[in-house]
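These are the residues of each chain, in order.
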Amino acid sequence: MDRRAVLTTYVKRLTRLLVEAGVEQAVISPGSRSTPLAYAFASSKGMQTHLQIDERSAAYYALGLAKASGKPVILLCTSGTAVSNYHPAITEAFYARIPLIVLTADRPHELREVGAPQAIDQVDIYGKHVKFSVDFPLPEDNEEMDRFLDRHLNRAISAARTAPKGPVHINVPFREPLLIDFDQEEPKITYKHQIKGISSLPPESAEEIQTLLTGAERGLIIAGEMDTGLNKELFWRFAKALQWPVLCDPLSNLRAEVPVDCWELCIEHYDALLKSASFADRTMPEAVIRFGAQPISKPLSLYLKKARPAAYLAVDESPIFRDSIGVVTHHIQAAPEAVLELHIQKERSDYADIWSKANEVAGSFLKKYDIGIPGDEGAIAKILFEHLPDGADLFSGSSMPIRDVDTFFQKTEKDICIFSNRGTNGIDGVVSSAFGMQAARKRPAYLLIGDLSFLHDQNGLLVSRFQEYDVTIIVVNNDGGGIFSYLPQASVDNHFEELFGTPTGLTFEHIASMYDAQYAAVSSAEAFRSELEKMKMKPIRIIEVFTDRKANVEAHRAYWDSVQKELG
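Here the structure is a predicted model, which is why all the values come from computation and not from measurement.

A. Structural view of the overall build of the chain. Looking only at helices and strands, one finds 21 helices and 18 strands in the chain. Taken against the 2.2 N^0.38 rule, which gives 24 Å for 568 residues, the C-alpha radius of gyration of the chain at 25 Å falls within 12% of a compact globule. With respect to the three principal axes, the spread of C-alpha positions in the chain is 80 × 60 × 45 Å. Each of the 568 residues in the chain was classed as buried or not, and the buried ones make up 58%. In the form shown here, the chain has an accessible surface area of approximately 23500 Å², with 52% of it arising from carbon and sulfur atoms. Here the chain holds 60 positive side-chain charges and 76 negative ones, and the gap between their average locations is 1 Å.

Below you can see the structure in the form of structure tokens.
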């Protein structure tokens, strides 16, 4: 077999194995050294390819695609610093438990560490931020080598999918020439399917959990970020049987499609409620069961840390303890469904009523919130959430946007799904992640993002030049880092604007024009509402909302103060 045939067989073998394993999407950052794999993916009938020129944005796009689909996504780039630019998103994927299969093309071994162009040390470059890493051999006509590739690719795919899900790295060197034979047939490959047992609890464990839950009168269910495949019907059946208040983080997606008979159990205003020291003191729980990650709310974390319930059960498929506040007493390594299927029946308690009535109080103040202080971002968030259509998705930026989602996104019967990058809580790559989400779910997508975060990833808009999307971007422009206005740094005038406020004076109408996006600029809640009600004329729509950092802080604190005074 000549060199070209060997190279073709090699890359088509890898492609076939990935497709047989159910990997359907590949995000490609174009480059020369990755040519063979790029050709193989693009010409495979079972693989859909996406192009993004900027590697950092490409990696976050793949992350959004995998986060929203729940399936592993391939990420492919050439050698050199292209590989380095993937690292931020891979770090996010590792801590957010998102399955990525990162394929980095490399120079052949004889061109490593000898001063060859576009050659860096790529072996184990992602360190502890990937679950598995392997440096593949150069292509050759060798059955033993084929079996080696099969084993390690199977292992990589399995590692990416196994709890905790996460990224894996395969470094693939190629020697020139890099062209393949498109007419050559793909080799026949049999993927080694892993057969997993049904996830269930041993009888003794199930009995212990039932005893802990039924023995407590003052109990809370906490729902953090979970996979989109969660069986909501089963979850609410469990909550209804237990009759405990359910504190729903917005990323749990349990604030949406709330059943009528569980409406009062769904507590979405806990962040505002727990800012009241008196309410927190009189609602200390005896037991807590948490599904998913620890929620966004800092007041909730402080509350749980102070309460230190006698029984705190964390349900997590992974053996890795997610207990940043050190209060978990029972780590239950199981799928949520294994616990949700337990047969529990309790009567509704006064404790649940206390939470439900307080939640109504906070909600009543929120109803009139958007007629408050001009320049406030909370009003903008509230109006946006009220206008989200049934069957839409929302991607939230970090810092203030996700906190406004937590505060202002109220429970609804609509089918709305919310995503955010909370693995490392960074502000980078958010635009790209939102586009990846939309590509996966094929539903109208909305992105709520701050001006600095938008500037960080404006190259994320490049993907819109290669395929069509349905994305509305709300850029909240407070000319700087709004989150710092809530932190202790804001109490010190010296260097605050220089180091934390970081005003740029930039606006985004020219970026919208560059990408032929529909654009509008507004400066009031009323104008924003009016703009949202206008027809979307282009695939990409950008609404820039000008706000004021000082007014924003005052409005938020006024709302929280009103709730606290009413609670007593």
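B. Layout of the layout of surface pockets. Considered as a void within the structure, the second largest pocket measures approximately 450 Å³ in volume. Lining the second largest pocket are 22 residues, with Trp263, Glu268, Gln410, Lys411 and Thr412 sitting closest to its centre. If you list the elements that add at least two residues to the lining of the second largest pocket, you get β9 (266-267), α13 (350-367) and α14 (377-387). In terms of residue count, the dominant contributor to the lining of the second largest pocket is α13 (six residues). Tallied by class, residues from the lining of the second largest pocket come to seven nonpolar, seven polar and eight charged.

C. Spatial organisation of the packing of helix α1 (residues 3-20) against helix α6 (residues 143-161). Between α1 and α6, the least distance of the axes is 11 Å, while the angle of their chain directions is 35°. Of the two possible hands of crossing, α1 and α6 adopt the one that is right-handed. For the pair formed by α1 and α6, the contact residues are Tyr10, Arg13, Leu14, Leu17 and Leu18 on the first element and Asp146, Leu149, Asp150, Leu153, Asn154 and Ile157 on the second. By residue class, the composition of the contact of α1 with α6 is seven nonpolar, one polar and three charged.

D. Up close: the side chain of Gln122. Structurally, Gln122 is set in the loop between β4 (100-106) and β5 (133-135). One polar contact links the side chain of Gln122 to the main-chain carbonyl oxygen of Ala105, over a distance of 3.0 Å. In contact with Gln122, not counting residues within four places along its chain, are Ser79, Gly80, Val83, Thr104, Ala105, Asp106, His169 and Asn171.

E. Geometry of the packing of aromatic side chains. Applying the stated criterion across every chain yields a total of 16 aromatic pairs. Taking 5.8 Å as the distance between ring centres and 90° as the angle between the ring planes, the aromatic pair formed by Tyr369 and Tyr559 counts as edge-to-face. Of this pair, Tyr369 sits in the loop between α13 and α14 while Tyr559 sits in helix α21 (residues 549-567), and the two are 190 residues apart along the sequence. The class of Tyr369 is buried, set by a relative accessible area of 8%. With relative accessibility at 4%, the residue Tyr559 sits in the buried group. Three or more aromatic residues joined by ring pairs make a cluster, and in this case those are Phe235, Trp236, Phe238 and Phe291. Positioned over the ring face of Trp560 is Lys275, at 4.1 Å from the centre of the ring.

F. Structural context of the environment of Ala358. Looking at the secondary structure, you find Ala358 in helix α13. Note on Ala358: relative accessible area 5%, which makes it buried. Along the backbone, Ala358 and Val315 are 43 residues apart, and their C-alpha atoms lie at a distance of 27 Å. Contact partners of Ala358, with chain neighbours within four places excluded, come to Leu273, Phe279 and Leu567.

G. Examining the sheet that holds strand β1 (residues 25-28) more closely. Reading across the sheet, the six strands line up as β2-β1-β3-β4-β6-β5 and stay open at both edges, with parallel pairing between neighbours. Since the sheet does not close on itself, it has two edges, and those belong to β2 (48-51) and β5, each with one partner. Direction aside, the axes of adjacent strands within the sheet are offset by 20° on average. Sheet topology note: the β5/strand β6 (residues 168-173) ladder contains three bridges and is parallel. Bridging from a neighbouring strand, Val134 pairs with Ile170 of β6. Across the sheet, helix α3 (residues 55-69) touches β1, β2, β3 (73-77) and β4, and the angle it forms with β3 is around 170°.

H. Spatial organisation of the pairing of β4. Of all the seven residues making up β4, seven are buried; the element is thus mostly covered by neighbouring parts of the structure. Where burial is concerned, the two faces of β4 agree: the one with Leu100, Val102, Thr104 and Asp106 and the one with Ile101, Leu103 and Ala105 are both buried. With five bridges connecting them, β3 and β4 associate as parallel partners. Within the sheet, the bridge partner assigned to Cys77 lies in β4 and is Thr104.

I. Representation of the pattern of salt bridges in the model. One pass over the full model with this rule turns up 32 salt bridges. Across the salt bridge formed by Arg175 and Glu110, the nearest N and O atoms sit 2.9 Å from each other. Taken together, the positions of Arg175 in the loop between β6 and α7 (203-214) and Glu110 in the loop between β4 and β5 put the pair 65 residues apart, joining distant regions of the chain. Between Asp415 and Arg443 there is a salt bridge, with its nearest N and O atoms 2.7 Å apart. Of this pair, Asp415 sits in the loop between α15 (400-408) and β14 (416-420) while Arg443 sits in the loop between α16 (430-441) and β15 (445-450), and the two are 28 residues apart along the sequence. Its relative accessible area of 24% is what places Asp415 among the partly exposed residues. Arg443 sits in the buried class, given a relative accessible area of 15%. The network of salt bridges with common partners includes Asp393, Asp415, Arg441 and Arg443.

J. Quick look at the nonpolar core. Residues Tyr303, Trp355, Leu384, Phe385 and Phe528 are the most contacted members of the largest nonpolar core, which totals 60 residues. Those residues in contact with Phe385, other than ones at most four positions away along the chain, are Leu394, Asp404, Val405, Phe408, Phe409 and Leu448. Among the nonpolar cores identified, the runner-up in size contains 51 residues, and Tyr60, Val130, Phe419 and Phe435 belong to it.

Definitions and limits used
Throughout, residues of each chain are indexed from 1 in the direction in which the sequence is written. Totals for whole chains, interfaces and linings use every residue, but because this is a predicted model, local features are given only for residues with pLDDT of at least 70 and side-chain atom pairs only at 80 or more, for both listing and counting. No hydrogens and no water enter the side-chain calculation; it runs on all heavy atoms of the structure. Counting from the N terminus, the helices are DSSP H or I runs at least four residues long and the strands are E runs at least two residues long. Computation of the radius of gyration draws on C-alpha atoms alone. For the globule rule, the value is 2.2 Å times the number of residues to the power 0.38. Buried residues are those whose accessible area, probed at 1.4 Å on protein chains only, stays under 20% of the maximum for their type, while exposed residues exceed 50% and partly exposed ones sit between those limits. To be clear on the numbers: accessible area is Shrake-Rupley with a 1.4 Å probe, and residue cover counts the displayed protein chains and nothing else. Residues scored as positive are Lys and Arg, those scored as negative are Asp and Glu, and His as well as the terminal groups of each chain are ignored. By convention, the point assigned to a charge is CZ for Arg, NZ for Lys, CD for Glu and CG for Asp. Cavities and pockets are defined on a 1 Å grid built over the protein atoms alone: a cavity is a set of grid points where a 1.4 Å probe fits but cannot escape, while a pocket is an open set with protein on both sides within 12 Å along at least five of seven lines, and lining residues are those with an atom within 4 Å of any such point. Grid points are joined across faces, edges and corners, and a volume is the space filled by probe spheres set on the points. Asp, Glu, Lys and Arg are counted as charged, while Ala, Val, Leu, Ile, Met, Phe, Trp, Tyr, Cys and Pro are counted as nonpolar; the rest, among them Gly, fall into the polar class. Think of each axis as a best-fit line through the C-alpha atoms, taken over the contacting stretch in the case of a helix, with angles from 0 to 180 degrees between the N-to-C directions. Crossing chirality is assigned from the near helix's rotation relative to the far helix, an anticlockwise turn below a right angle marking it left-handed and a clockwise turn marking it right-handed. Working rule for contacts: check all heavy atoms of both residues, and any pair within 4.5 Å makes them a contact. Two N or O atoms count as a polar contact when they lie within 3.5 Å, although within protein this holds only if one can serve as hydrogen donor and the other as acceptor, and sequence-adjacent residues are included solely when both atoms are side-chain atoms. Pairs were defined over the aromatic rings of Phe, Tyr and Trp, the Trp ring being its six-membered one, requiring ring centres within 6.5 Å. Orientation was assigned from the angle between planes: stacked under 30 degrees, edge-to-face over 60, tilted for the rest. Criterion for a charge above a ring: Lys NZ or Arg CZ within 6 Å of the ring centre, and within 35 degrees of the ring normal. By definition, two strands form a pair when at least two bridges between them are found by DSSP. Just to be clear on terms, a salt bridge is a Lys or Arg side-chain nitrogen sitting within 4 Å of an Asp or Glu carboxyl oxygen. In these notes, a set of buried Ala, Val, Leu, Ile, Met, Phe, Trp, Tyr and Cys residues joined through side-chain atoms within 4.5 Å is what counts as a nonpolar core.

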